[in-house]
Amino acid sequence: MQASLTKRLLLISTCFFLASCNTPKHLLPLSKGNVTTLSKDNFRPIFKDKFKSFLFKTTLTYGDKLQQGGLLALKQLSEGNYRTIFMTKFGMTLFDFEFGENGFIVHKVLEQMDRKIFLKIIEQDLEMLLSRGILGNKAKVFEKESAPKKKVVLKTKLNKKTHFFVQEGAYKITEIHQNRAVSILLSKYIAKIPRSIDIQHHNIPLTMKLTLLKH
Amino acid sequence: MIRSVFFLAAFLIYTSSFAQSFQSMKDSKSFQQKLHSIAAKTTSLQSDFVQIKHLDVLSEDIESNGKLVYKANNKLRWEYTTPLEYLIILNGGKVSIKDEGKVSSYDLSGNKTFQKINEMMIGSIQGDLLVNEADYKYEFKENSSNYLVVMYPKEKKVQEFMKSINIYFSKKDYSVEQVKMLEQSGDYTLMKFKNKKINASISDKTFIIN
């Protein structure tokens, strides 16, 4: 089953390889964009840039092929460096890796999950959740009125590649970049922190549902 | 399959380390005989449990709480109550799982992995787990208050994730007090059992998911 998952992820990835960096059609038409530097005033990170650790109840689903529940711990090791550990409800570690400024280091991964593309996707999802590398970047900011909610579209470069972020208030953010189209839905805010987080991929049937238990 | 492997491995997660040092058990055969004799007389078992996941990288341990109920023969309810709700029931050749309100059921007869899980879960309660020499190498130890059985997995794939399973039995009543699974990295999962009730009357309804 895991081999099948990997093959499908690889295939989808390959299919999107040639995707262009032009504005995705469904984002058009956009207002005239103003170039600005991304800050907390014009980009709303989901979490503060400094934190100790988060513990989420997590369900990872890939279509009807895989559903794995467990606990996901996310720890900030230092500024720009993080470690994440996903374990079963019974405490068994499924994967444990580090990402950030110091690169991508796998400490442990269950053989069945030991697929680079799979771990990379998880890393990208968590980076998006943490808004890593976004603030301070130059971006073109567009506004797109689509009733009933206003969308803010940001076009920026991360690692020299064009990324689009679509923010819909404090409740949804979507990232579009080549082979990646992912939305994060946020709800159940308490003290400005979302307790419920749904990470939904649009080009693969992968979802990650997180419920914040501790921070 | 993966999920099944996770459950299987997860239920291998039994052990603990008390402060007192342990020495080789003087009479391990007698201990095993006594354990089996008590297990044979056990018609039911109820216990609260605390599960502690220790990761060196995290400053705080992750603690989960729950309850388990066992009724002879082969009925088991294993339930996490905080910080998350999760329930597994083994009953009548079926395993049922309730997670976030969603109930899934599997037939044990057609699924070797779940059969194995069943053996592991029930075996850990009945003491049969201590005679699986095909999969584990055993060490029997004791101190003044506890017996300790250390199980070392023989299979390399299991060794990658688990250094040993340590099961601590009370010398008073031979019941399992703590179980600890040690990983190669030094991280561990510890389960502590408390408020144990043995041979109390338990309704069969306990093993049905509503």
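What you are looking at is a predicted structure, and each value in this text was computed from that prediction instead of being measured. (Residues numbered from 1 in each chain as written. Chains lettered and ligands numbered in written order. Predicted model: local features only at pLDDT ≥ 70, side-chain atom pairs only at ≥ 80, totals over all residues.)

1. Remarks on the overall build of chain B
Link 1 in the chain: Check the secondary structure of chain B and you find four helices and twelve strands.
Link 2 in the chain: Counting only residues that meet the buried cut, chain B has 32% of its 210 residues in that class.
Link 3 in the chain: Considering only intrachain contacts with a sequence separation of at least 6, the fraction spanning at least 24 residues in chain B is 51%. (Helix = DSSP H or I, 4+ residues; strand = E, 2+ residues; numbered from the N terminus. Buried ≥ 20, exposed ≤ 12 C-beta atoms within 10 Å, placed from the backbone. Contact = placed C-beta atoms within 7 Å.)

2. As for the sheet that holds strand S7 (residues 102-107) of chain B
Residue and element names in this part refer to chain B.
Link 1 in the chain: Spatially, S1-S8-S9-S10-S11-S12-S2-S3-S4-S5-S6-S7 is the arrangement adopted by the twelve strands of the open sheet, whose pairing is antiparallel. Two strands in the sheet have a free side with no partner beyond their single neighbour: strand S1 (23-24) and S7.
Link 2 in the chain: The pairing of strand S5 (residues 86-91) with strand S6 (residues 94-99) spans six bridges and is classified as antiparallel. Paired with Asn91 across the bridge in S6 is Lys94. (Pairing = 2+ DSSP bridges.)

3. Quick look at the confidence of the model for chain B
Residues and elements named next belong to chain B.
Link 1 in the chain: Summarising the model, chain B shows a mean pLDDT of 83, and 82% of its residues fall at 70 or more.
Link 2 in the chain: Here helix H1 (residues 2-11) stands out as the element of chain B with the lowest mean pLDDT, 45, in contrast to S1, whose mean of 96 is the highest.
Link 3 in the chain: For the stretch residues 1-17, pLDDT sits under 50, and the model shows 61 contacts to residues farther than four places along the chain or on other chains.
Link 4 in the chain: Two numbers describe this predicted complex: its pTM, 0.80, and its ipTM, 0.75. (pLDDT = per-residue confidence, 0-100.)

4. Examining unusual backbone geometry
Link 1 in the chain: For the peptide bond that leads from B:Ala72 to B:Asn73, omega is -10 degrees, which places it in the cis range.
Link 2 in the chain: Looking at where B:Asn73 falls in the secondary structure, it is placed in the loop between strand S3 (62-71) and strand S4 (75-82).
Link 3 in the chain: Of the consecutive residues B:Thr82 and B:Pro83, the connecting peptide bond is found in the cis state with omega at 0 degrees.
Link 4 in the chain: Within the secondary structure, B:Pro83 sits in the loop between S4 and S5.
Link 5 in the chain: For A:Ser131, which is not glycine, the phi torsion reads 55 degrees and is therefore positive.
Link 6 in the chain: A positive phi angle, close to 65 degrees, is found at B:Asn74, a residue other than glycine.
Link 7 in the chain: With respect to the helices and strands, B:Asn74 occurs in the loop between S3 and S4.

5. Focus on the pairing of strand S8 (residues 149-158) of chain A
Link 1 in the chain: Bridging between S8(A) and strand S9 (residues 161-168) of chain A involves seven bridges; their strand directions are antiparallel. Bridge pairing in S9(A) places A:Lys157 opposite A:Thr162.

6. Remarks on helix H2 (residues 116-130) of chain A
All names here are of chain A.
Link 1 in the chain: Its 15 residues give H2 an end-to-end C-alpha distance of 21 Å, which sits within 8% of 21 Å, the value for a rise of 1.5 Å per residue.
Link 2 in the chain: Three or more residues of H2 are buried, namely Phe118, Ile121, Ile122, Asp125, Leu126, Met128, Leu129 and Leu130.
Link 3 in the chain: Residue Ser131 follows H2 closely and has a positive phi angle near 55 degrees. (Expected span 1.5 Å × (residues − 1).)

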